[in-house]
Amino acid sequence: MENVKVAIWGFGAMGGGVAEVLLSKKGVDVVSVCDIHPNRVGKSIFELLGVERGDRADVVVNPNITQVVRSGLCDVCVIATDSFTRKAFDKIKFVVERGVNVVSTAEEMSYPRAQEPELAAEIDRLAKENGVSVLGTGINPGLMMDLLAICLSGCMTDVRKVTCRRVNSLSPFGPAVMEEQGVGMSVDKFTAEMNSGSLAGHVGFAESVGMIAEALGWKIDRFEQQMQPIVTSVDRKSPYGFAAAGDVAGVNMTGQGYCGDEVKIDMYHPQQIEPELEGTHTGDYIILEGSPAVNMAINPEVDGGIGTIAMVVNMIPHVINAKPGLRTMLDLPVPRAIMGDFRDYIER
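Report follows, based on the coordinates. From a predicted model like this one, the values you see are computed outputs, not experimental measurements.

**Structural notes on the sheet that holds strand E15 (residues 325-327)**
In spatial order, the strands read E3-E2-E1-E4-E5-E6-E15; together these 7 strands make up an open sheet with parallel pairing. Looking at which strands have only one partner, the edges of the open sheet turn out to be strand E3 (61-62) and E15. As paired elements, strand E2 (residues 28-34) and E3 share 2 bridges and run parallel to each other. Residue Val33 lies in a different strand from E3, and its bridge partner there is Val61. Packing against the sheet, helix H10 (residues 304-321) makes contact with strand E1 (4-9), strand E4 (76-79), strand E5 (101-104) and strand E6 (133-136), and its axis sits at approximately 150 degrees to E5.

**Some thoughts on helix H9 (residues 205-216)**
Owing to its 3.6 residues per turn, the α-helix aligns residues three or four sequence positions apart on the same side. With 12 residues, H9 ought to run about 16 Å at 1.5 Å a step, and its terminal C-alpha atoms sit 16 Å apart, in line with that. All of the buried residues along H9 are Phe205, Ala206, Glu207, Ser208, Val209, Gly210, Met211, Ile212 and Ala213. The inward-facing, buried residues of H9 abut helix H6 (147-152), strand E7 (158-169), strand E8 (222-231), strand E11 (248-259) and strand E12 (262-272). Phi for Gly217, located one or two positions after H9, is positive at around 80 degrees.

**A closer look at the packing of aromatic side chains**
Aromatic ring pairs are defined here through the distance separating the ring centres and the angle between the ring planes. Counting across every chain of the model gives 1 aromatic pair. A cation over an aromatic ring shows up here: Arg98 above the ring of Phe94, its NZ or CZ 3.6 Å from the ring centre. Positioned above the aromatic ring of Tyr258, the side-chain terminus of Arg222 is 3.8 Å from the ring centre.

**A few points about the side chain of Arg166**
Checked against the element boundaries, Arg166 lands in strand E7. Looking at Arg166, its side chain comes within polar contact range of the main-chain oxygen of Val302, at 3.0 Å.

**Some words on the pairing of E1**
Burial within E1 is extensive, with 6 of its 6 residues counted as buried. Both faces of E1 are covered, namely the face carrying Val4, Val6 and Ile8 and the face carrying Lys5, Ala7 and Trp9. Pairing geometry for E1 and E2, over 6 bridges, is parallel. For Ala7, the partnering residue across the bridge sits in E2 and is Ser32. The parallel pair E1 and E2, bridged by helix H1 (residues 13-22), forms a crossover whose chirality is right-handed. Bridging between E1 and E4 involves 4 bridges; their strand directions are parallel. Bridge pairing in E4 links Ala7 to Cys77.

**Topic: the pattern of salt bridges**
Pairing between side chains of opposite charge can happen when their charged atoms approach one another. Taken as a whole and judged by the stated rule, the model has 18 salt bridges. A salt bridge links Lys91 to Asp82; the shortest N-O distance between them is 3.1 Å. Here Asp82 falls in the buried class, since its relative accessible area comes to 17%. The partner of Lys128 in a salt bridge is Asp124, with the nearest N and O atoms 2.9 Å apart. Of this pair, Lys128 and Asp124 both sit in helix H5 (residues 117-129), separated by 4 residues, roughly a single helical turn.

**Examining the packing of H1 against H10**
Across the interface, H1 lies against H10 with an axial gap of 9 Å and an inter-helix angle of 55 degrees. As far as their axial angle goes, H10 and H1 are oblique. By crossing handedness, the relation of H1 to H10 is classed as right-handed. Residues Ala13, Met14, Gly17, Val18, Val21 and Leu22 of H1 form the contact with H10, whose own contacting residues are Gly305, Thr308, Ile309, Val312, Val313 and Ile316.

What counts, and where the lines are drawn
Residues numbered from 1 in each chain as written. Predicted model: local features only at pLDDT ≥ 70, side-chain atom pairs only at ≥ 80, totals over all residues. Heavy atoms only, no water. Pairing = 2+ DSSP bridges. Helix = DSSP H or I, 4+ residues; strand = E, 2+ residues; numbered from the N terminus. Contact = heavy atoms within 4.5 Å. Axes fitted to C-alpha atoms, helices over the stretch in contact; angles between N-to-C directions. Expected span 1.5 Å × (residues − 1). Buried < 20%, exposed > 50% of the residue type's maximum accessible area, 1.4 Å probe, protein only. Phe/Tyr/Trp six-rings, centres within 6.5 Å; stacked < 30°, edge-to-face > 60°. Lys NZ or Arg CZ within 6 Å of the ring centre and 35° of its normal. Polar contact = N/O pair within 3.5 Å; in protein donor to acceptor, adjacent residues only side chain to side chain. Right-handed = clockwise from strand over helix to strand, strands pointing away. Salt bridge = Lys/Arg side-chain N within 4 Å of Asp/Glu carboxyl O. Parallel < 35°, antiparallel > 145°, perpendicular 65-115°, else oblique. Left-handed = near helix turned anticlockwise from the far one by under 90°.

This is the structure in structure tokens:
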């Protein structure tokens, strides 16, 4: 059996990270890469990643997606370019119409019918029409604040409330995430952009709430979320972001899913660059109220950058195997690290 063939659209922090991990795995090849950044176009991915090429065919970053994704060239395309379903839609459409499966890192794509039901239905239709599957996944949404809580509920006979809290570092993420979180902004600018609706903050609460609700059989009548700046008192610098003392180092996001007037799903997600510089310790926490009660704590947090890359890599065979259509993490096998040959996971 041939190796699993992967194309990557977007070669920033996440796309490049996915490629680097795949190059260390057996039974899978990165066959093509699309990116428009002038510092990457025309360069070998092995040079950009600092990875020995060995006897592998060279892969040069190509700005022309029509040469990167086409039927027969690749089994799956990892799209690592956007956070929002609406922005990712045309790229997903392009790929599925060429008969290629999709794994998207766009946060809203983890459960797109939460906020974009019409686009979700169209993606599902296109995927089925072309015999491929589409999945959005990552560390969050995708695992820590939704699927993990859902899995833990499996040992319960009754669930009254779900609370998920993730205290994390934004430091591994790229420029797009820095911009979405307001990293480096003055407080006045942050407030103005927040009030105008142009600041994204964490993307994915509505999707995580929707996924949990579907899994547990709850009907969410109302979803709300809030955003506040995390202001640093010291200079903070990460690989892709900088916040001077007095400016914004991240964002504190909270969200609630209501059944009637009762909060059934509660979300807390403070995230910032270099949190340890001011004594903030990262971690992941899930509290399930019911019978029996479940309390989970992971300290420190599961690394967001590596975790997102791993989720994408480890779901690739399951997306290829999946029934055609738009899929969520609820539809596919439980994620697990693939330490063996990728080909062994493909259903023949």
